[in-house]
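Architecture and fold: a report
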Amino acid sequence: MSADIIIAHDVGLQGFIPTLNQVALRSDASWVVYLAEDAIPGAGWLRRAHTKLLANEKSLLAFNCGKWHGRVASFGMIKKSWAYELYGPHIMYEGYQSHRADNEITAIARAQDQFLYAPECVLVEHDLEKDFRSSERAASNFRRDDARLFRRRFEENFGGVVTSEQLEDLREEYLDLKSHYARLGPAISNLQS
């Protein structure tokens, strides 16, 4: 499919989120795919994702990254106009340093019924430093401040863009992961965020 491909190199080391937001603002594209340099796409990943989003009238698609199984759109395709309704001229909330902006946008999309997980749209993260870590906390770029900020913003309904009623069904999954995974069973209990 035709698409503009923009590769942004963060030479100023400002971080992924501000770089993503600045690049998206300069683009006239209606949809933005956010991913990292270690992403490996499957066949037809972009066309399938775009077709599914249009057919289902959703605003955020989580690619099959091989890790989160739709719980987090760590790599995603997002409708720019929808994101701008949430954050002004930003795709993701800029308060996060390293983690949790993808959790936030996913939780909001799920609460607003704008989320779609597409396991057949493969965009796998291949990061050997993270792939064999027991949890997100063990990753070298884990930021406790981001975890606290996510919890606070969740409790405050992400600045009022959703209601506490919309978030209630997601509370355990995003804020009490140990209980969530224990309830799901031992087969996936090692998936800790």
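The sections below set out a description of the structure shown in this document. (Residues numbered from 1 in each chain as written. Predicted model: local features only at pLDDT ≥ 70, side-chain atom pairs only at ≥ 80, totals over all residues. Heavy atoms only, no water.)

When its secondary structure is counted, the protein chain shows 10 helices and five strands. Across the 193 residues of the protein chain, 46% fall into the buried class. Within the protein chain, counting contacts between residues at least 6 apart in sequence, those at least 24 apart form 68% of the total. (Helix = DSSP H or I, 4+ residues; strand = E, 2+ residues; numbered from the N terminus. Buried < 20%, exposed > 50% of the residue type's maximum accessible area, 1.4 Å probe, protein only. Contact = heavy atoms within 4.5 Å.)

On to the environment of E85, then. Mapped onto the secondary structure, E85 falls in helix α3 (residues 80-87). Distance from E85 to V161, taken between C-alpha atoms, is 8.9 Å for residues 76 residues apart in sequence.

Here we have five strands laid out as an open sheet, ordered β1-β4-β3-β5-β2, and mixed in their pairing. A strand with exactly one partner marks an edge of an open sheet, and here the two such strands are β1 (31-34) and β2 (39-41). The sheet shows a mean angle of 35 degrees between the axes of neighbouring strands, direction not considered. The sheet contact formed by β2 and strand β5 (residues 115-125) spans three bridges and is antiparallel. Residue pairing across strands places I40 opposite V124, the latter belonging to β5. Taken strand by strand, α3 contacts β1, β3 (60-64) and β4 (76-79), and its axis lies near 75 degrees from that of β4. (Pairing = 2+ DSSP bridges. Axes fitted to C-alpha atoms, helices over the stretch in contact; angles between N-to-C directions.)

Okay, the environment of E94 next. Structurally, the position occupied by E94 is in the loop between α3 and α4 (101-111). The class for E94 is partly exposed, based on a relative accessible area of 35%. Considered as a pair, E94 and I17 are 77 residues apart in the sequence and their alpha carbons are 6.0 Å apart. Not counting the four nearest positions on each side in its chain, E94 is found in contact with I17, P18 and N21. Within the local environment of E94, its side chain forms a polar contact with the side chain of N21, the two groups lying 3.0 Å apart. (Polar contact = N/O pair within 3.5 Å; in protein donor to acceptor, adjacent residues only side chain to side chain.)

The next point concerns α4. Where burial is concerned, most of α4 is hidden: 10 out of the 11 residues are buried. Every buried residue of α4 is accounted for by A101, D102, N103, E104, I105, T106, A107, I108, A109 and A111. Where α4 ends, the next residue or the one after it, D113, has phi of about 55 degrees, a positive value.

What follows concerns the pairing of β3. Counting buried residues in β3 gives five out of five residues, a clear majority hidden from the surface. Bridging between β3 and β5 involves five bridges; their strand directions are parallel. Bridged to N64 within β5 is V122.

In an α-helix, one full turn covers 3.6 residues, which means residues spaced three or four apart are oriented alike. Regarding α3, the residues found buried are K80, W82, A83, L86 and Y87. Looking straight down α3, one finds that the buried residues subtend no more than 160 degrees of arc, so they occupy a single side. Buried-residue contacts for α3 involve α1 (16-26), β1, β3, β4, α4 and α6 (144-155). Of the residues one or two after α3, G88 is the one with positive phi, at around 70 degrees. (Arc of directions from axis to C-beta.)

Our focus in this paragraph is the nonpolar core. Counting 32 residues, the largest nonpolar core has L60, I78 and I105 as its most contacted members. Those elements that place two or more of their residues in this core are α1, β1, β3, α3, α4, α6 and α9 (171-175). Per-element tally for this core: the top contributor is α4, with six residues. Not counting residues up to four positions away in its chain, the partners in contact with I78 are S30, W31, V32, Y34, S59, L60, A83, I91 and I105. (Core = buried A, V, L, I, M, F, W, Y, C linked by side-chain atoms within 4.5 Å.)

Moving on: the packing of α3 against α4. Their axes nearest at 12 Å, the elements α3 and α4 cross at an angle of 100 degrees. It follows that α3 is roughly perpendicular to α4 by the angle criterion. Every residue of α4 that contacts α3 at W82, L86 and Y87 is listed here: E104, I105, I108 and A109. Of the residues contributing to the contact of α3 with α4, the split by class is six nonpolar, no polar and one charged. (Parallel < 35°, antiparallel > 145°, perpendicular 65-115°, else oblique. Nonpolar A, V, L, I, M, F, W, Y, C, P; charged D, E, K, R; others polar.)

It is worth stressing that arrangement in space is one thing and function is another; only the former is reported here.
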